[in-house]
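Overview (structure and organization)
Next come the chains, spelled out residue by residue.
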Amino acid sequence: MNQHFKPNSVAGRDVASHLHSQTNPKRFEEKGPVIITKGEGIHVFDDAGKSYIDAMAGLWCASLGFNNERLAAAANRQYSELGFYHTFFNRTHEPATNLAETLVDLTGMKGGKAYFATSGSEANETMVKLAWVYHTVRGKPTKRKVIARDRAFHGSTIAAASMCGLTFMHREFGLPIPGFLHTLCPDPYRGMLDGESEDEFADRLALELERLILREGPDTIAAFIAEPINAGGGIIVPPKSYFAKIEVVLAKYDILCLGDEIVCGFGRTGNWFGKDTVGMKPHMMALAKGLSSSYFPISAVVLAPEIYDAVNAFNKQGGSFGHGFTNSGHPVGVAVALETIKIYNEMNVVEHVRKMGARLKWHFDSMAQRYPMIGDVRGAGLMLGIELVADRATRTPFDPALQVGLTFDQIAYEHGLIGRCMGDTLGFSPPLIVTEKDIDQIAERCETSLKVLEGRLTVR
Ligand SMILES: Cc1ncc(COP(=O)(O)O)c(C=O)c1O
């Protein structure tokens, strides 16, 4: 055990026993963990009692904050009634039925079905397997490959990680596995050419996708997967006409569109689902995070009727759908999700997010007037990003060695604000329960941190 941790302290024991996700092992051994002891609304507290606004809702997920009593009560009620049962072999329970019905209805997937899993990665992989069944049943079993985009994040299991377009998800593991391809990221700020309009950029992205499909062979491609707005790659809002143009190409080559709504779903972008913010028309949607405000590990796939029909047709000789997780449709998970959705409805989540999102965006836009290092402010609803640059006029990034984004995160943390940098893009995705006062406080702490960062960069 590292010398400077007290014996038997949580920090020392954690360093000795716990492998952490997305954490540098050596730095962790030296610095130890950040220990979070409790939550109160949008705030979390560390073991020294210091409070922070978690303006990332944890991992884009705790939409109802960190100690919602109603969710705790819903879980407790369900634990007392039926603490576990599965949904294999025709089994169900009423909360699972209610949630399936609610999700089909909310997503507008008329005549479709909901399938339950326990993580976003599993939901995304379920969509891939369903796409394979769909094409097989229609006599096209060679359609197996999946196209994702550069800078995408879709999860950590093998196929989900292969769909990521981020090298840090691939390098240790020799990923992506064969059959998982990537096309251009629709990032107007970084991807548009001089003199190109957003619409022309969207044309070029669609053309590039078509070229990839033709190079690989249309009869080998099963599906295209995308988040409506890319969260983890740097909060990237595609050009307005992007999905309409992409979907023409997909339809031409009989390729399914898979919507990863794991971050964007449940009000985050100012609509119930991100697809409505960007005009996307997916055949299947993966839901997680905001589905239960992450109070329980539950995810879902909502599928269009034709996808269900394929599963049905494949098994017409009496076989069973060969897929399932022990905790698919866990009664406590579905009960918590139902209560979460009830609260979203009561708080009129879409209107609230639009109002709060506009207020936060206004703050960031006005900061951009005062801080020349703000190159771009973008996003939708309560999912906003600020990209910091060395030169705004030329969009020249900072030298990566300066670690500007990471330095901002550290300064903000010292000022009681938890954000999340993605390179030099600062991400903000606060719990959806934020009030006007909370938004103003997030902006104030953000500006104070920018001022300190600016001072440090000038001193250099
Ligand atoms: C867009 C997106 N898809 C999928 C996932 C994976 O979800 P999970 O970590 O629950 O497997 C994430 C997680 O952050 C995500 O942001």
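These numbers were taken from a predicted model, which means no experiment stands behind them. (Residues numbered from 1 in each chain as written. Predicted model: local features only at pLDDT ≥ 70, side-chain atom pairs only at ≥ 80, totals over all residues. Heavy atoms only, no water.)

With that settled, consider the overall build of the chain. Scanning the chain for helices and strands turns up 16 helices and 15 strands. The C-alpha radius of gyration computed for the chain amounts to 22 Å, which stays within 12% of the reference 23 Å derived for 460 residues, consistent with globular compactness. Seen along its three principal axes, the alpha-carbon backbone of the chain occupies a region of about 70 × 60 × 45 Å. Taking all 460 residues of the chain together, 54% fall into the buried category. The long-range share in the chain, meaning contacts at least 24 apart out of those at least 6 apart in sequence, stands at 72%. Carbon and sulfur atoms form 53% of the exposed surface of the chain, whose accessible area is close to 20800 Å². (Helix = DSSP H or I, 4+ residues; strand = E, 2+ residues; numbered from the N terminus. Rg over C-alpha atoms; globule rule 2.2 N^0.38 Å. Buried < 20%, exposed > 50% of the residue type's maximum accessible area, 1.4 Å probe, protein only. Contact = heavy atoms within 4.5 Å. Areas by Shrake-Rupley, 256 points an atom, 1.4 Å probe, with all protein chains shown as cover.)

Moving on, we come to the environment of Ala100. Mapped onto the elements, Ala100 comes out in helix H5 (residues 94-107). By relative accessible area, Ala100 is classed as buried at 19%. Dropping the residues within four chain positions of it, Ala100 is found in contact with Ala114 and Phe116.

Going through the model one piece at a time under the given rule, you end up with 23 salt bridges. Measuring nitrogen to oxygen at the nearest pair gives 2.8 Å for the salt bridge that ties Arg151 to Asp187. Residue Arg151 is found in the loop between strand E5 (145-149) and helix H7 (158-163), and its partner Asp187 is found in the loop between strand E6 (180-183) and helix H8 (188-191); the two are separated by 36 residues along the sequence. Arg151 gets classed as partly exposed once you look at its relative accessible area, which sits at 26%. (Salt bridge = Lys/Arg side-chain N within 4 Å of Asp/Glu carboxyl O.)

Another aspect to go through is helix H9 (residues 198-216). Between its first and last C-alpha, H9 extends 27 Å over 19 residues, near the 27 Å set by a 1.5 Å rise per residue. Buried within H9 are the following residues: Phe201, Ala202, Leu205, Ala206, Leu209, Glu210, Leu212 and Ile213. Looking at the packing, one finds that the buried side of H9 touches E5, E6, H8, strand E7 (221-226) and helix H10 (242-252). (Expected span 1.5 Å × (residues − 1).)

This next bit is on the site of the ligand. Around the ligand, the neighbouring residues are Ser119, Gly120, Ser121, Asn124, Phe153, His154, Gly155, Glu227, Asp260, Ile262, Val263 and Lys289. In the environment of the ligand, an oxygen atom lies 2.8 Å from a nitrogen or oxygen atom belonging to the backbone of Gly120. Within the side chain of Lys289, one N or O atom sits 2.8 Å away from an oxygen atom of the ligand. Notes on the ligand: free accessible area 390 Å², of which the protein chains cover 79%. (Near = heavy atom within 4 Å. Polar contact = N/O pair within 3.5 Å; in protein donor to acceptor, adjacent residues only side chain to side chain.)

With that settled, the discussion passes to the packing of aromatic side chains. Tallied over the entire structure, the rule returns ten aromatic pairs. Connected via pairs of aromatic rings, a cluster forms that spans Phe266, Trp272, Phe273 and Tyr344. Lying over the aromatic face of Phe45, Lys38 brings its terminal NZ or CZ to 4.7 Å of the ring centre. Over the face of the ring belonging to Tyr308 we find Lys113, whose NZ or CZ atom lies 4.3 Å from the ring centre. (Phe/Tyr/Trp six-rings, centres within 6.5 Å; stacked < 30°, edge-to-face > 60°. Lys NZ or Arg CZ within 6 Å of the ring centre and 35° of its normal.)

This paragraph deals with the domain arrangement of the chain. Its domain assignment divides the chain into domain 1 (34-67 + 348-459) and domain 2 (71-346). Between the C-alpha centres of domain 1 and domain 2 the distance comes to 27 Å. Each partner contributes to the interface: domain 1 provides 37 residues, whereas domain 2 provides 31 residues. Here domain 1 and domain 2 share an interface that buries about 2700 Å² over both sides, 58% of which is from carbon and sulfur atoms. For the pair domain 1 and domain 2, the number of links is one salt bridge. For Glu387, the salt bridge goes to Arg190, with nearest N and O atoms at 2.8 Å. When residues of the side of domain 1 that touches domain 2 are traced back to their parent elements, those giving at least two are helix H3 (57-60), helix H14 (349-370), strand E11 (374-380), strand E12 (383-388) and strand E15 (425-428). (Domains from an automatic or database assignment. Buried area = accessible area lost by both parts, 1.4 Å probe.)

The strands making up a sheet associate through backbone hydrogen bonding, with each pair oriented either parallel or antiparallel. The mixed open sheet is built from seven strands, whose spatial order is E4-E10-E9-E8-E7-E5-E6. Every other strand in the sheet has two partners, leaving strand E4 (113-117) and E6 as the edge strands with one partner each. In this sheet, adjacent strand axes meet at a mean angle of 25° when their direction is disregarded. Contacting E5, E6 and E7, H9 runs over the sheet at an angle of about 150° to E6. Each of E4, strand E8 (256-260), strand E9 (284-287) and strand E10 (299-303) is contacted by helix H12 (residues 305-314), which is oriented at about 95° to E10, the strand it contacts most. (Pairing = 2+ DSSP bridges. Axes fitted to C-alpha atoms, helices over the stretch in contact; angles between N-to-C directions.)

What follows deals with the sheet that holds strand E2 (residues 43-46). Pairing in this open sheet of four strands is mixed, and the strands run E1-E2-E3-E13 from one edge to the other. Because the sheet does not close on itself, it has two edges, and the strands there are strand E1 (36-40) and strand E13 (417-418). With three bridges connecting them, E2 and strand E3 (residues 51-54) associate as antiparallel partners. When the bridges of E3 are listed, Phe45 appears paired with Ser51.

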